[in-house]
Amino acid sequence: MAMPSVSPSIQTPDDVELNDLSITIISERAHAPPLEKPTRRYQIILVLSGFLMIFHTIGINFVFGIFQEFYTSPQSNIKDATSQYALVSLVGTLGSGLTWSGGIFVNPIMARTQRVKTITLLGAFLMSLGLFLASYSTRLWHLYMTQSLIYGVGSSMYYFPLMTITPVYFDRHRGFAMGVILAGAGVGGLVLAPVTQAMLDKLGIGWTLRALGIWNFAVAVPISFVVKPRAGFGLNANGERARTRLNMSLVRRGTFLYQSVGAFLQAAGNIVPTYYLTLYSVSVLAYPRSTGSNLLAVNSAVNSISRVIMGVLADHVGRQNTLITGVVLSGISVFSLWYSAARERFIAFVVIYGIYAGGYNALLPTTITEIYGVENYASVNGFIYFIRGLGSMFGAPIAGVILGTYNRSGNGDAAAALQDKFNDVVVYDGVLLLAAGLCVSYVRFLDARDKGKWSWRA
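For every chain, the first residue of the written sequence is number 1, and numbering continues from 1 along that sequence. Given that the model is predicted, a residue must reach a pLDDT of at least 70 before its local features are reported, and side-chain atom pairs must reach 80 or more before they are shown or counted; all residues, however, enter totals for whole chains, interfaces and linings. The side-chain numbers reported here are obtained from all heavy atoms of the structure, hydrogens and water having been left aside.

(A) Structural detail: the overall build of the protein chain. Per the convention used, a helix needs a DSSP run of H or I reaching at least four residues, while a strand needs a run of E reaching at least two, with both numbered from the N terminus. When helices and strands are tallied, the protein chain shows 14 helices and 0 strands. Order of helices (α) and strands (β) in the protein chain, N terminus to C terminus: α-α-α-α-α-α-α-α-α-α-α-α-α-α. Relative accessible area decides the class of each residue, using a 1.4 Å probe on protein chains only: under 20% of the type maximum gives buried, over 50% gives exposed, and in between gives partly exposed. Considering the protein chain as a whole, with its 458 residues, one finds that 59% of them fall into the buried category. Areas reported as accessible are Shrake-Rupley estimates using a 1.4 Å probe. Residue values count occlusion only from the protein chains shown. Just so you have it, the protein chain exposes about 17,800 Å², and 66% of that area is on carbon and sulfur atoms.

Here you go:
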């Protein structure tokens, strides 16, 4: 993912250090109208806005495990949610899954209109409204309508315009700019996990969600007005808006098939520890909720740092090699460190899993570029992240079905029984991740075969 001539405004394999992007990049720039040169001031504002957008969008998605632990507890305000792990996890996975999968619908809208501010602002409003209305929920279906559907659609409309437009404003230092923006994901989880738990403890679920909704909108409104399309970008040689569609010859290739399956499985497996880390800490290990949220914050911080380290390592040993290693080792860490984990081993799992899991998220876009070429990056990356969104909707709810509707009474026998159920979840999660590792390994083999040569550094 032979390569056509590409102007500096189009990403190359060396500078596409991007994550979670479904960018409507047009490759026909050779004879298109000249681009308007951006000011340094606007570039700085755009990067800071992107950092804040990632901070609260990904951060809120990341800490849903804290809400899940509360919703399924005896203190829950959603009475039909108590011990309903599968149904409650579906609330979060639908919201986060729509964030990623929605790009397949948002990007075509952006390709046909210049009103990206309107799309972004509407998304910010819906996202914040979903959180605010969720504070008044008393039934599970209320959460599905608010914290899942309204929030998820809004977050996708808010997320993709800025992430689509930002890279095209950087002819140089694109990788650095996007690296700063994407660092907001880890910082968001690190900050929001303890803050959300503290608000839950002191303010209750209602005002916690209202505060998040109000804060989200207050931050998102000024960010929405920063977003604007770059004049001259996205036009073909005739001055018309070019279209990017998924090349059907790529779809029929084995690399695309196994890349898609691997993306689905990795997303499904990757979300399970995030959603059930807090529940395991509180219900099995008898940690206080504040400790469970702090462990989630540590995992987020380590994951963020790992993305940078994995990127540096990939430049030396190969991006596909590093991606494969990260996926396989993350699956092994699930089996070796989470299964029947006592406190010390679970803390080791939180850290080590965060290290290995960060590699896939950081390197997937760059491997897509290497395998399918720059000219196919936008369409392939958009579809792959649509698949990842579906995978994230699948992983945690199935884990909840495995846990069943178990009543957390707090005594030793109940904790031991829940530990046995969690061991089944661990096996399920480890199998998903190792299967994803097999898929991406086979993609590595097929890519070398299609190119007619094997390289150890790929």
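(B) Representation of the packing of helix α3 (residues 85-101) against helix α9 (residues 254-283) in the model. Helix axes are fitted to C-alpha atoms over the stretch in contact, other axes to C-alpha atoms as well, and angles between N-to-C directions run from 0 to 180 degrees. Put simply, α3 and α9 touch, their axes get as near as 12 Å, and they point 130° apart. By the criterion of interaxial angle, the relationship of α3 to α9 is oblique. Crossing of α3 over α9 shows right-handed handedness. Contacts between α3 and α9 involve Y85, S89, G92, T93 and S96 from the first element and I271, Y275, Y276 and L279 from the second. Nonpolar residues are Ala, Val, Leu, Ile, Met, Phe, Trp, Tyr, Cys and Pro. Charged residues are Asp, Glu, Lys and Arg, and all others, Gly as well, are polar. Here the residues of the contact of α3 with α9 sort into 5 nonpolar, 4 polar and no charged. In these notes the angle categories are as follows: under 35 degrees is roughly parallel, over 145 is roughly antiparallel, 65 to 115 is roughly perpendicular, and the rest is oblique. Two helices crossing with the near one rotated counterclockwise from the far one by less than a right angle form a left-handed crossing, whereas a clockwise rotation gives a right-handed crossing. In this analysis, two residues are considered to be in contact whenever any of their non-hydrogen atoms come within 4.5 Å of each other.

(C) Structural view of the packing of aromatic side chains. Each aromatic pair joins two rings of Phe, Tyr and Trp (for Trp, the six-membered one) with centres within 6.5 Å, and gets the label stacked for planes under 30 degrees apart, edge-to-face for over 60, and tilted for any other angle. One pass over the structure, following the stated rule, counts 22 aromatic pairs. With a centroid separation of 6.3 Å and an interplanar angle of 25°, the aromatic rings of F67 and Y71 are classed as stacked. Here Y71 and F67 lie together in helix α2 (residues 64-71), a separation of 4 residues that amounts to about one turn. Residues F67 and Y71 agree in their burial class; the two are buried. Taken together, the ring pairs in this structure connect Y276, Y280, W338, F346, F349, Y353 and F422 into an aromatic cluster. Charges are assigned to positions over rings by a cutoff of 6 Å between ring centre and Lys NZ or Arg CZ, combined with an angular limit of 35 degrees from the ring normal. Over the ring of Y136 we find R210; its NZ or CZ atom is 4.5 Å from the centre of that ring. A cation over an aromatic ring shows up here: R210 above the ring of W207, its NZ or CZ 4.8 Å from the ring centre.

(D) α9, seen in detail. Expected helix span is given by 1.5 Å per residue-to-residue step, counting one fewer step than there are residues. Here α9 spans 43 Å end to end across 30 residues, near enough to the 44 Å set by a 1.5 Å rise per residue. By definition, a residue's bend is the angle between the axes fitted to the seven residues ending there and the seven starting there. In α9, a bend of some 45° at Y276 exceeds every other bend along the element. Of all 30 residues in α9, 25 are buried, a share of seventy percent or more.

(E) Spatial organisation of empty space enclosed by the protein. Only protein atoms enter the 1 Å grid, on which a cavity is a set of points fitting a 1.4 Å probe that cannot get out and a pocket is an open set with protein on both sides within 12 Å along at least 5 of 7 lines, lining residues being those with an atom within 4 Å of a point. Grid points are joined across faces, edges and corners, and a volume is the space filled by probe spheres set on the points. Of the voids in this model, the largest cavity is the one considered here, and its volume is about 510 Å³. Considering the residues around the largest cavity, the lining is formed by 28 residues, among which F62, W100, N270, R307 and N361 are closest to the centre. Contributions of two or more residues to the lining of the largest cavity are made by α1 (40-62), α3, α7 (174-226), α9, α10 (289-317), α12 (343-372) and α13 (377-403). Tallied by class, residues from the lining of the largest cavity come to 13 nonpolar, 12 polar and 3 charged.

(F) Local environment of the pattern of salt bridges. Should a side-chain nitrogen of Lys or Arg be within 4 Å of a carboxyl oxygen of Asp or Glu, the pair is scored as a salt bridge. All told, the structure shown has 2 salt bridges when counted by the stated rule. A salt bridge links E69 to R289; the shortest N-O distance between them is 2.8 Å. Here E69, found in helix α2, pairs with R289, found in helix α10; they are 220 residues apart in sequence, far enough to count as distant. Notably, a salt bridge pairs D80 with R139, separated by 3.8 Å at the nearest N-O pair. Of this pair, D80 sits in the loop between α2 and α3 while R139 sits in the loop between α5 (116-134) and α6 (140-165); the two residues are 59 residues apart in sequence, bridging distant segments of the chain. Judged by relative accessible area, which is 25%, D80 ranks as partly exposed. The exposure class of R139 is partly exposed, given its relative accessible area of 41%.

(G) Representation of the nonpolar core within the structure. Here the nonpolar core consists of buried residues drawn from Ala, Val, Leu, Ile, Met, Phe, Trp, Tyr and Cys, with membership extended through side-chain atoms lying within 4.5 Å. With 115 residues, the main nonpolar core has I54, Y71, Y276, W338, F346 and F422 as its most contacted residues. Examining the composition of this core, we find that 15 residues originate from one element, α7, more than from any other. Not counting chain neighbours up to four residues away, the residues in contact with I54 comprise G59, Y159, M163, I181, L182, G184 and A185.

(H) Structural context of the packing of α10 against α12. At a minimum axis distance of 6 Å, the contact between α10 and α12 shows a crossing angle of 45°. Classified by the angle their axes make, α10 and α12 are oblique. For the crossing formed where α10 meets α12, the hand is right-handed. Residue classes in the contact of α10 with α12 are distributed as 15 nonpolar, 8 polar and 1 charged.

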